[in-house]
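# Structural overview
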Amino acid sequence: MIKVAVNGYGTIGKRVADAVFAQKDMEIIGVSKTRPSSEALIANKKGYPLYIADISKKPLFEAAGIKVAGTVDEMIAACDVVVDATPGGIGAKNRALYEKLGKKALWQGGEDHEVAGFSFNSSCNYNEATGRQFTRVVSCNTTGLCRIIKAMDAEFGVKKVRATMVRRGADPGDPKRGPVDAIVLNPVTIPSHHGPDVQTVLPGIEIVTTALVVPTTFMHMHIVQMDLKNKASKEKVIEIIKAHPRMGLVRKGLGITSTAEIKEYASDLGRPRSDLWESCIFEESVSVSDDNELYLFQAIHQEADVVVENVDAIRAMAGEVKDPEVSIKMTNAALGFEAI
Ligand code: NAD
């Protein structure tokens, strides 16, 4: 069993903890919080030992009826791999601790590539993570882009990608962020950072991205265009998406034309927290021009798509499972997850 600690039990951390808990070859030895909260209470209820960075705050947790198992340092010392899911920028500061204790660590997309010197996506570069001490799982948007670009590149060759990300303003549980009533160019400059981030995983891909933020909380929407090198067809593209373990097809005829309807679908499917671990590609949007330009819309659940990637990254770093397809299957099966 791979002993996993989750440092930062928030939006991503709590989902990674549940996904790790579901795996047969992994166990959760602890999760961490900085302040008492309903999430900390739930960690207790799920039986995940809860650790805190500042032990002087233990009475605050206990006053809220939350049990504390010890300090973050103790948690890290007891694990094989730590998943750092603290807010962007904080994870990099934790690197010294992981180094000092000689632990394997993986970070999220809110940190720069340099935090680990290696950026990960299961479908693209699983093997390069084998046995590594440090890895960064790329952001939700970059994960969604990498999956489709890699799959198209393997079949047709990709000459150039252009993509626009219409991003959610805040996560559903976050009352502090916006916008409430605006379309915000984020960034106003073109290109956005997403293209270079894709290149940390797929260095050979030419890509230009733009991004804006809208007043919604569930999912990003990508408008993707790719110039392909070889003859392609809509039918073949759809076949590849259907066969991919982490891409799903929003089938035509179901009447789904929005993220709101996808959320309802995920909830009706009984997915935990309505999570969509797969990229959701709209079948009717897939089109290929005579000169091999591919166009499509894909919706990306920002809270969920990186979760399964974290599980594979842990497995790759632990070094026991060398084949990415085996790991992806193990991860998906443990979650009872079949792409839509
Ligand atoms: P979050 O704010 O929901 O959760 C972060 C957690 O870390 C909180 O539980 C907080 O209590 C804890 N924390 C804060 N400071 C800490 C510290 N010093 N030590 C230990 N724990 C601390 O954040 P999130 O949305 O889960 O984001 C985590 C990472 O995942 C970021 O790098 C982010 O960019 C990335 N990410 C987020 C999303 C998303 O949509 N939310 C998607 C993909 C990747």
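One can find the structure itself at the top, above this paragraph.
Right, let's walk through the structure included here.

Strand-to-strand pairing in sheets goes through backbone hydrogen bonds, with the strands running parallel or antiparallel. Pairing within the open sheet is parallel, and its eight strands lie in the order β4-β3-β2-β1-β5-β6-β8-β7. Of all strands in the sheet, those with a lone pairing partner are β4 (70-71) and β7 (119-120), marking the two edges.

Bringing the pattern of salt bridges into the picture now. Applying the stated criterion to the full structure yields 20 salt bridges. Two residues, E309 and R246, come together in a salt bridge whose shortest N-O distance is 3.4 Å. Within this pair, whereas E309 is found in helix α11 (residues 305-318), its partner R246 is found in the loop between α9 (234-243) and β13 (247-250), the two being separated by 63 residues in sequence.

This paragraph deals with the pairing of strand β8 (residues 134-137). With burial as the criterion, each face of β8 is covered, one bearing F134 and R136 and the other bearing T135 and V137. With two bridges connecting them, β7 and β8 associate as parallel partners. Counted as the bridge partner of F120 is V137 from β8.

Surveying the vicinity of the ligand reveals 20 residues, the closest of which are T11, I12, K33, R168 and D171. Note that an oxygen atom of the ligand is positioned 2.9 Å from one of the backbone N or O atoms of I12. Residue R168 places a side-chain N or O atom 2.9 Å away from an oxygen atom belonging to the ligand. Coverage of the ligand by the protein amounts to 79% of the 820 Å² it exposes when considered alone. Put simply, the parts of the chain that give the shell around the ligand at least two residues each are α1 (11-22) and β2 (26-33). Tallied by class, the residues present in the shell around the ligand amount to six nonpolar, 11 polar and three charged. Shared between two domains, the shell around the ligand holds at least three residues of each, these being domain 1 (2-138 + 306-335) and domain 2 (140-300).

Conventions we followed
Residues numbered from 1 in each chain as written. Predicted model: local features only at pLDDT ≥ 70, side-chain atom pairs only at ≥ 80, totals over all residues. Heavy atoms only, no water. Pairing = 2+ DSSP bridges. Helix = DSSP H or I, 4+ residues; strand = E, 2+ residues; numbered from the N terminus. Salt bridge = Lys/Arg side-chain N within 4 Å of Asp/Glu carboxyl O. Buried < 20%, exposed > 50% of the residue type's maximum accessible area, 1.4 Å probe, protein only. Near = heavy atom within 4 Å. Polar contact = N/O pair within 3.5 Å; in protein donor to acceptor, adjacent residues only side chain to side chain. Areas by Shrake-Rupley, 256 points an atom, 1.4 Å probe, with all protein chains shown as cover. Nonpolar A, V, L, I, M, F, W, Y, C, P; charged D, E, K, R; others polar. Domains from an automatic or database assignment.

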